[in-house]
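# A closer look at the structure
The chain contents come next:
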Amino acid sequence: MPTLYYAVGACSLAPHIALEWIGAPYEAVRVKYGSSDLLAVNPAGAVPTLQENDGWLLTQCGAILDYLVSKHPEAGLAGGEGLRARAEAHRWSAFLTSDVHASFWPIFMPGRYTSDKSAAARQAVVEAGHTLVAKQFGILERQLVRRNYILGGDRSVIDAYAFPMIRWANKLLPTGLEDYPNVKLLHDRIAADPAVQTVLAREAGKIAHGMSAG
Ligand SMILES: N[C@@H](CCC(=O)N[C@@H](CS)C(=O)NCC(=O)O)C(=O)O
């Protein structure tokens, strides 16, 4: 049974959702960034971190999601089969990791992007982050025109991956998701999913922690 180390509000929500969609037993362990619990498992101190029973460790959200897709083909979370469908899945996974996730860093941690400690300098970095996020959400919005899910067809791990970032944008952009109606529809579709509600309730501490029977 795999163990997922996650932090509340983090991108680890994506594999948490994927594990719940898959429905096989897993353990979910809440950790804090930089905590000794997390550093003992993953010296990078980051989530998501997935550990299999034999101790094998996998980090990097996109790699974890791809691993879960391959480990559980019966769950149908790949977003399509065939050479080009797999390439599209990798394309969107890379987009989320490198372009979308990265564009939030100046908003989350402006101090990492300027040596100027003034509030005005930090605020300027945050605003630059808003512009970056808006650019990436424009791309996501265009992809979702006439599509219920990012890869088309049915839901996939790529939708799970986008979900925490869509929540961040909703909360952090000055006008939330107002300019991205199709992204908002995707958000609402995923948020309405009972498995996703279970995961959100668990991460919020509203239901029991620990093992899931699936
Ligand atoms: N490239 C990594 C990034 C992981 C990452 O930065 N996760 C954040 C949470 S969304 C984190 O653990 N941050 C802790 C830190 O930067 O100290 C991935 O995609 O898994």
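The residue count restarts for each chain, going from 1 along the sequence in the order it is written. Two thresholds apply to this predicted model, a pLDDT of at least 70 for residue-level local features and 80 or more for giving and counting side-chain atom pairs, whereas whole-chain, interface and lining totals are computed over all residues.

### Notes on the site of the ligand
Spelled out, the test is: Here, nearness means that the C-beta atom of a residue, built from backbone geometry, sits within 6 Å of the molecule or strand in question. Each residue is assigned to one of three groups, with Ala, Val, Leu, Ile, Met, Phe, Trp, Tyr, Cys and Pro labelled nonpolar, Asp, Glu, Lys and Arg labelled charged, and all others, Gly among them, labelled polar.
The environment of the ligand is formed by Ala10, Cys11, Tyr33, Gly34, Gly45, Ala46, Val47, Pro48, Gln60, Cys61 and Thr97. Of the residues in the shell around the ligand, the class split is seven nonpolar, four polar and no charged.

### Let's talk about helix H6 (residues 157-172)
Which entries qualify depends on this criterion: Runs of H or I in DSSP of at least four residues are treated as helices and runs of E of at least two as strands, each being numbered from the N terminus. In this scheme, a helix's expected span is set at 1.5 Å multiplied by one less than its residue total. To get the bend at a given residue, fit one axis to the seven residues ending there, fit another to the seven starting there, and take the angle between those axes. With C-beta atoms placed from the backbone, a residue is buried if 20 or more other C-beta atoms are within 10 Å of its own, exposed if 12 or fewer are, and partly exposed between those counts. Remark: residues whose backbone-derived C-beta atoms lie within 7 Å of one another are considered to be in contact.
Here H6 spans 24 Å end to end across 16 residues, near enough to the 22 Å set by a 1.5 Å rise per residue. The sharpest bend along H6 comes to roughly 30°, located at Phe163, with the proline Pro164 sitting one to four residues further on. Residues of H6 that are buried: Val157, Ile158, Asp159, Ala160, Tyr161, Ala162, Phe163, Pro164, Met165, Ile166, Trp168 and Ala169. For H6, the elements touching its buried residues are helix H1 (13-22), helix H3 (61-71), helix H4 (83-108), helix H5 (119-143) and helix H7 (181-191).

### Structural notes on the pairing of strand E1 (residues 3-6)
Short version of the rule: What makes two strands pair is DSSP finding at least two bridges between them. Seen with its strands pointing away from the viewer, a crossover is right-handed if its path from the first strand over the helix to the second goes clockwise.
Note: E1 against strand E2 (residues 26-30), four bridges, orientation parallel. Bridging from a neighbouring strand, Thr3 pairs with Glu27 of E2. Of the crossover connections in this fold, the one passing from E1 over H1 to the parallel E2 is right-handed. Bridge count between E1 and strand E3 (residues 49-51): three bridges; the pairing is antiparallel. The residue bridging Tyr5 from the neighbouring strand is Thr49, located in E3.

### A short note on the domain arrangement of the protein
Rule in force here: The domain boundaries here were taken from an automatic or database domain assignment.
Considered domain by domain, the protein is made up of domain 1 (3-77 + 195-212) and domain 2 (83-193). At the junction of the two partners, domain 1 supplies 17 residues and domain 2 supplies 14 residues. Mapped onto the side of domain 1 that touches domain 2, the elements with two or more residues apiece are H1, H3 and helix H8 (194-203). Per-element accounting of the side of domain 1 that touches domain 2 gives the leading share, six residues, to H3. Residue composition of the side of domain 1 that touches domain 2, grouped by class: 13 nonpolar, three polar and one charged.

### Here's the deal with unusual backbone geometry
Put simply, Val47 and Pro48 share a cis peptide bond, and its omega is 0°. The phi torsion at Gln60 lies on the positive side, around 80°, for a residue other than glycine. Here Gln60 is to be found in the loop between strand E4 (57-59) and H3. For Gln60, a count of 16 C-beta atoms within 10 Å corresponds to the partly exposed category. The residue Arg146 is not glycine, and still its phi comes out positive at about 60°.

### Details of the environment of Asp188
Along the chain, Asp188 falls in helix H7. In the structure, Asp188 is positioned 85 residues away from Ser103 in sequence and 23 Å away in space, judged by C-alpha atoms.

### Section: the packing of H4 against H6
Rule in force here: Note on definitions: angles span 0 to 180 degrees between N-to-C directions of axes, and those axes are lines fitted to C-alpha atoms, for helices only across the stretch in contact. To sort the angles, those under 35 degrees are grouped as roughly parallel, those over 145 as roughly antiparallel, those from 65 to 115 as roughly perpendicular, and the leftovers as oblique. By convention, the crossing between two helices is left-handed when the near helix turns anticlockwise from the far helix through less than a right angle, and right-handed when the turn is clockwise.
The N-to-C vectors of H4 and H6 enclose an angle of 25°; their axes lie 10 Å apart at closest approach. In this view, H4 runs roughly parallel relative to H6, as classed from their interaxial angle. In this structure, H4 crosses over H6, and the sense of that crossing is left-handed. Contact residues: H4 offers Ala89, Trp92, Ser93, Leu96, Val100, His101, Phe104 and Ile107, while H6 offers Ile158, Tyr161, Ala162, Met165, Trp168 and Leu172.

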